[in-house]
Amino acid sequence: MFEKRITVIGAGPAGCAAAVQCARLGMVPLLLDKTGTAGGLVANAFSMENYPGLEPISGPEFVQKLEAHLARFGVPVTRARVDRIARSANGFRLTGEFGALEADAVIVAVGTVSKTLEIPGASTLAGAGVYNEVRQQLDQLRQDRTSGRDVLVIGGGEAALDYSLSLARAGARPVIIVRGAKLRAVGRLVKLVEEHPAIQCMYDTTPLSVGREGDEIVLTARRRGDQRSELRGAGVTVAIGRYRAADDLLDSLDIDLNKGVSTRIPGMYIAGDARFGGLGQVGMAVGDGLFAAMAACRYLNAED
Ligand SMILES: Cc1cc2nc3c(=O)[nH]c(=O)nc-3n(C[C@H](O)[C@H](O)[C@H](O)COP(=O)(O)OP(=O)(O)OC[C@H]3O[C@@H](n4cnc5c(N)ncnc54)[C@H](O)[C@@H]3O)c2cc1C
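Conventions we followed
Residues numbered from 1 in each chain as written. Predicted model: local features only at pLDDT ≥ 70, side-chain atom pairs only at ≥ 80, totals over all residues. Heavy atoms only, no water. Pairing = 2+ DSSP bridges. Helix = DSSP H or I, 4+ residues; strand = E, 2+ residues; numbered from the N terminus. Contact = heavy atoms within 4.5 Å. Axes fitted to C-alpha atoms, helices over the stretch in contact; angles between N-to-C directions. Core = buried A, V, L, I, M, F, W, Y, C linked by side-chain atoms within 4.5 Å. Buried < 20%, exposed > 50% of the residue type's maximum accessible area, 1.4 Å probe, protein only. Expected span 1.5 Å × (residues − 1). Salt bridge = Lys/Arg side-chain N within 4 Å of Asp/Glu carboxyl O.

## A look at the sheet that holds strand β11 (residues 173-177)
For step 1, the next point in the chain: Read across the open sheet, the 5 strands follow the order β9-β16-β10-β11-β12; overall the sheet is parallel. With one partner strand each, in any of the chains shown, β9 (130-131) and β12 (200-202) form the two edges of the open sheet.
For step 2, the next point in the chain: Here β9 pairs with strand β16 (residues 236-238) via 2 bridges, running parallel. Each residue of the ladder has a partner; that of V130, found in β16, is V236.
For step 3, the next point in the chain: In the packing of helix α4 (residues 158-169) onto the sheet, contacts are made with β10 (150-154), β11 and β16, and the angle to β11 comes to roughly 165°.

What follows is the structure, encoded as structure tokens:
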């Protein structure tokens, strides 16, 4: 068995693909995720219909397949949030609340982070009425056992539409708040949303502040013509863009995330949305994860 230590940070599609491929190549990868679970962002997807060879599948169902895939190759997910990666005498030193660990090679597959709503009241309600991922809002609706209530979704891109379809499937009535005069999203999702009887879009609407009244979240917004209105719902789900999580993690290492999976530092690889940002897709992440694992294995073998 291969004895070099390879650590994969992030157990989304990229990290899972990398870890399984490492195991297939005889390594014992350490797969870390800050949530302690596999799946990553795709857990939010309404229906993934672009993965070759798979029938359309919901995000949560695809996550079950990832978990089964890891289990088949004996790869557990260890809960750990890595806050810093630095070079050390023999490779890399990863630090976080868990302490520190050393690795001979590192695959960074940390995906993206949601942009947060920067209006008064939003930070106070973060995770308790204002959510950055639809799965949190869905959990809340399940806990409250409510159905048929309005849920406000902020954003006009694909993620906002996808979230709204998931919310409508769960019995909620999504109201999509769009700052501009039309949706930014294009293609099939637009048609699905426009034809959905439970989903409505409010255009030319800019959120100003958010608060709670009893079990209702109240969003004050400026509508066209400078008119103010109060929108109420069971919660607010924010989908206003994402940025690369690796930007923070790698700041001291001077890595250009636009230069491909292999970085200028031997033994360090960047895979999936960690380098694509918000433009990534599961197939791209999986391809990156496989490539990173193959390259890391070749690197570690050559080192001996
Ligand atoms: C609503 C929605 C619908 C989508 N639908 C589709 C679709 O239909 N088809 C498709 O191909 N793609 C779809 N996508 C895109 C897809 O989800 C992503 O491209 C894919 O999940 C990227 O995989 P990844 O492994 O690179 O990153 P992620 O899935 O983001 O995984 C990153 C992982 O890293 C962990 N992590 C982050 N920081 C740290 C840290 N510091 N320490 C430890 N762990 C950390 C996170 O917890 C996460 O589990 C959709 C995305 C969204 C939001």
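## Focus on the nonpolar core
For step 1, the next point in the chain: Among the nonpolar cores identified, the biggest contains 38 residues, and I6, L31, V42, F62, L70, I107 and Y269 are the most heavily contacted of them.
For step 2, the next point in the chain: Counting only elements with at least two residues in this core, the list comes to β1 (6-9), α1 (13-24), α2 (59-72), β7 (105-108) and α8 (282-303).
For step 3, the next point in the chain: When residues in this core are grouped by element, the largest group, 9 residues, is from α8.
For step 4, the next point in the chain: Setting aside chain neighbours within four positions, we find V42 in contact with P13, M48, G59, F62, V63 and V282.
For step 5, the next point in the chain: Grouped together as the second largest cluster of nonpolar side chains are 23 residues, L138, A168, V190 and A234 included.

## Points about α8
For step 1, the next point in the chain: An ideal rise of 1.5 Å per residue puts 32 Å on 22 residues; α8 measures up with 31 Å between its terminal C-alpha atoms.
For step 2, the next point in the chain: Three or more residues of α8 are buried, namely V282, A285, V286, D288, G289, A292, A293, A295, A296, C297 and L300.
For step 3, the next point in the chain: Contact partners of the buried residues in α8: β1, α1, α2, β7, β18 (268-270) and α7 (273-276).

## So, the pattern of salt bridges
For step 1, the next point in the chain: Enumeration over the complete set of coordinates arrives at 14 salt bridges.
For step 2, the next point in the chain: Of the charged contacts in the structure, one is a salt bridge between R188 and E49, with a shortest N-O distance of 2.6 Å. A residue pair is termed long-range when its members are at least 10 positions apart, and R188 in helix α5 (residues 188-194) and E49 in the loop between β2 (30-33) and α2 qualify at 139 residues.
For step 3, the next point in the chain: Note on R188: relative accessible area 52%, which makes it exposed.
For step 4, the next point in the chain: A salt bridge links D83 to R81; the shortest N-O distance between them is 2.9 Å.

## Quick look at unusual backbone geometry
For step 1, the next point in the chain: One non-glycine residue with positive phi stands out, namely D204, at about 50°.
For step 2, the next point in the chain: Along the chain, D204 turns up in the loop between β12 and β13 (206-213).
For step 3, the next point in the chain: Residue D204 is classed as partly exposed on the basis of its relative accessible area, which comes to 25%.
For step 4, the next point in the chain: For D254, which is not glycine, the phi dihedral falls at a positive 55°.
For step 5, the next point in the chain: Relative to the elements of secondary structure, D254 occurs in the loop between α6 (246-249) and β18.
For step 6, the next point in the chain: What makes D254 exposed here is its relative accessible area of 59%.

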